[in-house]
Amino acid sequence: MRLTTESSRCSGCKVCLTICALSHFQENNPKKGALKVEGKFPVPGVFEVTVCNQCGACADVCPVDAITEKDGVYILDRETCIGCMACVSACPLNVMIVHPAETAPIKCDNCGDCVRYCPREAILDADGIVKRIGR
Amino acid sequence: MEPIKVSVRGHVIKYFPGEQERFEFVSEGPISILDMLKALSVDPLLIMMVNVNGVKQPKTAMLQPGDDVLLFSPPAGG
Amino acid sequence: MNGYAGNILRVNLTNRTHSITPLPQDLADNFLGGRGFVAKLMWDEIPPGADPFGPENKVIISPGPLTGVFLPGAGKLEFGAKSPATGGYGDSNVGGHISPEIKYAGFDAIIIEGIADEPVYLFIDDFNIEIRPAAELWGKGALESETLLKQDLGDEFQIATIGPAGENKVLFACISHDFGRQAGRTGIGAVMGSKNLKAIAVHGTKTIQLADPVATLEKGKEMFAACFEKPGFEEWTPQGTAGVTDWVNEIGAFPTRNFQTGYFPKHKDINGEALMRKIKVTDKACYSCPIPCGKYSRVKKAEYDIHVEGPEYETIALIGGNTEIDNIEDCAYANYILDELGLDSISGGNVVGFAMECFEKGIIKSEDISGRSLKFGSVEDFVWLSQEIAYRRGIGSVLADGVREAAKVFGQGSEKFAIHVKGVEWSGYEARYAPAMMLSYMTADVGAHHNRSWAITFDVATGRDKLEGKAQRVIELQHIRPLFDMLCLCRLQWVELGFELDWYPQIFKAVTGKELTWDDLLAFSERVWNLTRSYSLREIEGFGRSFDYPPARFMEEPIPDGPTAGKYMPKEVIDRLLDEYYKLRGWDNNGIPSAAQLKKVGLGFVESTIAPLRK
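Residues numbered from 1 in each chain as written. Chains lettered and ligands numbered in written order. Predicted model: local features only at pLDDT ≥ 70, side-chain atom pairs only at ≥ 80, totals over all residues.

### Description of the overall build of chain A
Now for step 1: On a plain count of helices and strands, chain A comes out with four helices and six strands.
Now for step 2: Listed N to C, the secondary structure of chain A is β-α-β-β-α-β-β-α-α-β in terms of helices and strands.
Now for step 3: Taken over C-alpha atoms, the radius of gyration comes to 15 Å for chain A, in line with the 14 Å a tight globule of 135 residues would show.
Now for step 4: Judged by the C-alpha coordinates and their principal axes, chain A covers about 40 × 35 × 25 Å.
Now for step 5: The buried share among the 135 residues of chain A stands at 46%. (Helix = DSSP H or I, 4+ residues; strand = E, 2+ residues; numbered from the N terminus. Rg over C-alpha atoms; globule rule 2.2 N^0.38 Å. Buried ≥ 20, exposed ≤ 12 C-beta atoms within 10 Å, placed from the backbone.)

### Quick word on helix α10 (residues 313-321) of chain C
All names here are of chain C.
Now for step 1: In terms of burial, α10 is largely enclosed, as nine of its nine residues are buried.
Now for step 2: Of the residues making up α10, those classed as buried are Y313, E314, T315, I316, A317, L318, I319, G320 and G321.
Now for step 3: The secondary structure elements touched by the buried residues of α10 are α8 (245-250), α11 (328-341) and α12 (345-360). (Contact = placed C-beta atoms within 7 Å.)

### Quick word on the interface of chain C and chain A
Now for step 1: At the interface, 34 residues of chain C touch 29 residues of chain A.
Now for step 2: Of all elements in the fold, only α4 (142-153), α7 (213-228), β13 (280-284) and β14 (294-300) of chain C reach the threshold of two or more residues within the side of chain C that touches chain A.
Now for step 3: Among the elements that make up the side of chain C that touches chain A, the one with the highest residue count is α7 of chain C (eight residues).
Now for step 4: By residue class, the composition of the side of chain C that touches chain A is 20 nonpolar, eight polar and six charged. (Nonpolar A, V, L, I, M, F, W, Y, C, P; charged D, E, K, R; others polar.)

### Notes on the nonpolar core
Now for step 1: Counting 264 residues, the largest nonpolar core has C16, L35 and I123 of chain A together with L66, V170, L343 and A355 of chain C as the members making the most contacts within it.
Now for step 2: No other element matches the nine residues that α11 of chain C contributes to this core.
Now for step 3: In contact with L66 of chain C, not counting residues within four places along its chain, are G3, L71, A74, L487, C488, L489, I507, F508 and V511 of chain C. (Core = buried A, V, L, I, M, F, W, Y, C linked by C-beta atoms within 7 Å.)

### Overview of the pairing of strand β2 (residues 17-22) of chain C
All names here are of chain C.
Now for step 1: A small share of β2 lies buried, amounting to zero of its six residues.
Now for step 2: Sheet topology note: the strand β1 (residues 7-12)/β2 ladder contains six bridges and is antiparallel. From the neighbouring strand, I8 faces β2, where its bridge partner is T21. (Pairing = 2+ DSSP bridges.)

### Some words on the confidence of the model for chain B
In low-pLDDT segments, the atomic positions of the prediction should not be examined closely.
Now for step 1: When pLDDT is averaged along chain B, the result is 95; 97% of the residues meet or exceed 70.
Now for step 2: As a predicted assembly, this complex carries a pTM of 0.98 together with an ipTM value of 0.98. (pLDDT = per-residue confidence, 0-100.)

### Some thoughts on the interface of chain B and chain C
Now for step 1: Tallying the contact residues gives 24 residues for chain B and 29 residues for chain C.
Now for step 2: Of all elements in the fold, only β1 (4-9), β4 (49-52) and β7 (68-72) of chain B reach the threshold of two or more residues within the side of chain B that touches chain C.
Now for step 3: Examining the composition of the side of chain B that touches chain C, we find that three residues originate from one element, β1 of chain B, more than from any other.
Now for step 4: Across the side of chain B that touches chain C, the residue classes tally to 13 nonpolar, seven polar and four charged.

### A few points about the packing of α11 of chain C against helix α13 (residues 379-390) of chain C
Residues and elements named next belong to chain C.
Now for step 1: Two elements in contact, α11 and α13, have axes whose closest approach is 10 Å; the angle formed by their N-to-C orientations is 5°. When the interaxial angle is binned, α11 and α13 end up roughly parallel. Together, D330, Y333, A334, I337, L338 and L341 of α11 and V379, F382, V383, S386, Q387 and A390 of α13 make up the contact between the two elements.
Now for step 2: Here the residues of the contact of α11 with α13 sort into nine nonpolar, two polar and one charged. (Axes fitted to C-alpha atoms, helices over the stretch in contact; angles between N-to-C directions. Parallel < 35°, antiparallel > 145°, perpendicular 65-115°, else oblique.)

### What about the sheet that holds β2 of chain C?
All names here are of chain C.
Now for step 1: Read from one edge of the open sheet, six strands run β2-β1-β6-β3-β4-β5, paired in mixed fashion. In this open sheet, the two edge strands, each paired with only one partner strand, are β2 and β5 (91-94). Mean inter-strand twist for the sheet, computed between neighbouring axes without regard to direction, equals 15°.
Now for step 2: Pairing between strand β3 (residues 59-62) and strand β6 (residues 109-113): three bridges, direction antiparallel.

### Some points on the sheet that holds strand β15 (residues 305-309) of chain C
Residue and element names in this part refer to chain C.
Now for step 1: Read across the sheet, three strands follow the order β13-β14-β15 without closing on themselves; strand pairing throughout is antiparallel. With one partner strand each, in any of the chains shown, β13 and β15 form the two edges of the open sheet. Pairs of neighbouring strands in the sheet enclose a mean axial angle of 15°, with direction left out of account.
Now for step 2: Summarising the sheet, β13 and β14 pair through four bridges and their orientation is antiparallel. Bridge pairing in β14 places T282 opposite Y296.
Now for step 3: Along the sheet, helix α9 (residues 272-279) contacts β13 and β14; its crossing angle with β14, the most-contacted strand, is approximately 55°.
Now for step 4: The strands that α11 touches are β14 and β15; relative to β15, the one it contacts most, it runs at about 75°.

Here it is as C-alpha cells:
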C-alpha cells in the first residue's frame, strides 16, 4: 500500500487524525495523529491533507538508527529514539509530528486506517488495495 | 418482472412500511414515483428529493423495473 | 472522570484572575454536559435579577462528554448566558473545531464573569491562561479578527470572536468561529461584548480519558462504517441544508416577505443547486463529521469579491425569502456582511424583513432614514440597514433590540407582524399550517428557534389539520434534540442520514463507563427542559403562558397564496395545543411546573423559587 491524497476531497473533519492516534496510542487525541490536515481560510478556502510517503529521509538522518525500513515502510522504534528531532526537520513533507507529551516524534507506519475511515476518500491507497470501508 | 430497488435516506424512514431503509417494490409495469409512494401509503410531501439511477428526477418521473430509486428526507434546518 | 477533561476554568475579567478546579462529580452525574452544565451553572451562579450586560452575568461555555471523541458528529459546543433578548434563559450552540479543542486543553466548562476595563481576549493554551489586550481587534469584523488572531497565534489555535454588533450589544449578536460557524441565537455575542471580551483563542494537546479505549475505537469504527453504508451517504452532501429550499416551498412553509406568505416564486434561484453550481468552493466539515453540511463559497462581482461559509438553509430562508433577495450571489453577500458584523443571520434576516414591511406600510418613513428607501428585494438596502443595526445608528439603534422591542417603539400595529417568541426572532419555517411546528416554536425555551423540536415532517405525515398527538411528539422531540446539545453531538447524522439513536448509549458506555439506556439519557434532557423553564420563570416578571404565543399574524391572517393559501391558526387552536402541552408536561395552566413534576425530574432544589409563582 502506498498512501496518497486528493486534497480537493478533504472537508477538514480530522477523522484521520483521531483514528490514527487512537489506534496507535490507545489515546483519544488527534494531536498524536501522524499526518496533517490544514485549512486555508478565509482565502482561498481549501483543505490540504499531507501524509507520509515513506521516502526515508527521516531514517537517513537518525543518529541512532531508530527508523528502519521493512517492505518499503519506515518504522520508528520509540524505545531506541533519543528524541533529538533531527528527523523532524529533515522530513520534506513536515509529517514527523511532535507532541509535548511524547519524547519521540510520531511517524506514520502505513497501517491504512486513515484510508479505511476517511469519509471523503481524500486519503487513498495509490495501489488501490486498501479502500474506504464499504467500498 | 424485475423489482424496483428503493432506498430511503434520513428520518422519514419511520413513515415507510416496516421502517425499512432498503426494500424492493414490485410493479406490473412502469409506475410514477408519486404512484409508488401512494401504493406504499407514504405522503409524497414527505420526500424532499428523488434520485433515479443516480440522477435527480421530479416526483412525477416514471420508474422502470430494475431502477434504483433513492428517496431523501428533508434536513431539519441549519 | 472518563469522557470528561476533568476541569472547570473560571475567569474573572474584572479582577483579571482565573482558577482551574476539578469538575464536580455530581454535576457530570446529573447534568451530563453542554446544555446541561450551562443550565445548572446559570441557575446556581448567576444571581437572580442580574442585568444581562452587568458584571454578574456569566458566559458559560461547555463541550459534552462525547465531544472530541472518535464518533460521527462529535464537534458541538454550547454557549449560555442570561439572554439580553429573552431576559431569561439563553443558549446557542456552534460546530467547527473549538469544542474538541477546549477538551484537549483540559476543560469541560469555561465560566467567564465580570467586565474587563478595556477590550481583551482570552488566551488558553492547555493550562496556560492569559487575559490579553485586544484593543487592535476592537471594531474589526468577526471574520477579520479570526484571521488576525490566527496569523498571530498560529493556525493550531481555534478561535471564537464577536464582531461590531457584539461590541455594540445588539441583542441578536452572535459568536463566530471557524470562518463562518456561529453560535447565533439569544444574543450571547452581545454578552461577550458587554464584558469587553472580543475573542477566545484555544489550543490543547491533552488526551481525553476513556473508560475503554479499545471498545471506543471499535464502536467508533462501527459507527462510521454504519454511516458509510446508509442509503445516499454521499448524495446529500453537495448541497447541504440548502437542498431543502425547494421542499419547504413545496409544502408552503418558506418565510417570505417578513412571513407574509409561505411560498417564494423565485426559490429556485436561491436553492441548493444554485449554491452548488454557482458559488461553492468546497464542502467544509465540523470535527468528526462524515456528512459535512458546511458549504464554503466565493462570489466575485464588480461590486464585491467575498468568501463566506454558506448560505445554509436558515440564511437562505431569512435573507432570501424573508427579504426577497432573489439570487444566490446576493444572498451570499448579505450573509457575508452579517457574518463580518457578527449578527445572527436568522434574526438578522427577520429584523430586516420586519423593517422592510414597516417601510412598505409607512410605519418607517423615508424621512426617518435620511431620505432613502428600504425595499424588499434590495440587497443594498439590506446591507445598509445591517450596518446601521450593528453600529446602532439612527433607526438601526431601535432595530438592534430585535423585533419585539422595535415594535413597541414603532407601534401602529407593527407588533402583529413582529415575528418572534419570547423576544427571539422566528427561524426558517412558516408554521400557520403545521401545528406541531407551531407548538415547537411557541414552547422552545430560547424563543422561536427550530432546533429544540423540528416537527414539520411529523405534521405532514400525521395530518396538518389534526391536532391529536402533536403536543406529545413536540415533547418527545424537545427531549431528543436538546439531548444532543448536552452530549454536544450534531443531530444531522440522525435526522438527515437516518442514523439510529441506539448507537449513542453504546459509545457512551465505552467512553464514560456508564451503562445508561437512551431513555435514561432522555430523562436528563427532561430535567434540563424543566430547569430552563424554571430559570426564565425566576428571571422574567410575569413569565408564563402569555410568553408562549406566536405573533398575531399567525393567529389572524390567512396565508394569502401558495400551497398553504388560506391557512392560519386561530387563537382557540393555539390554546388547545398549549393546554395539551402543559398537561402532558406536568405544568399548570400558566405553564409553571408543578411541585410533583419538579420532584419527578430531580429538580427539588428549584421548588422553593417556583412555588410562590403558582397561583
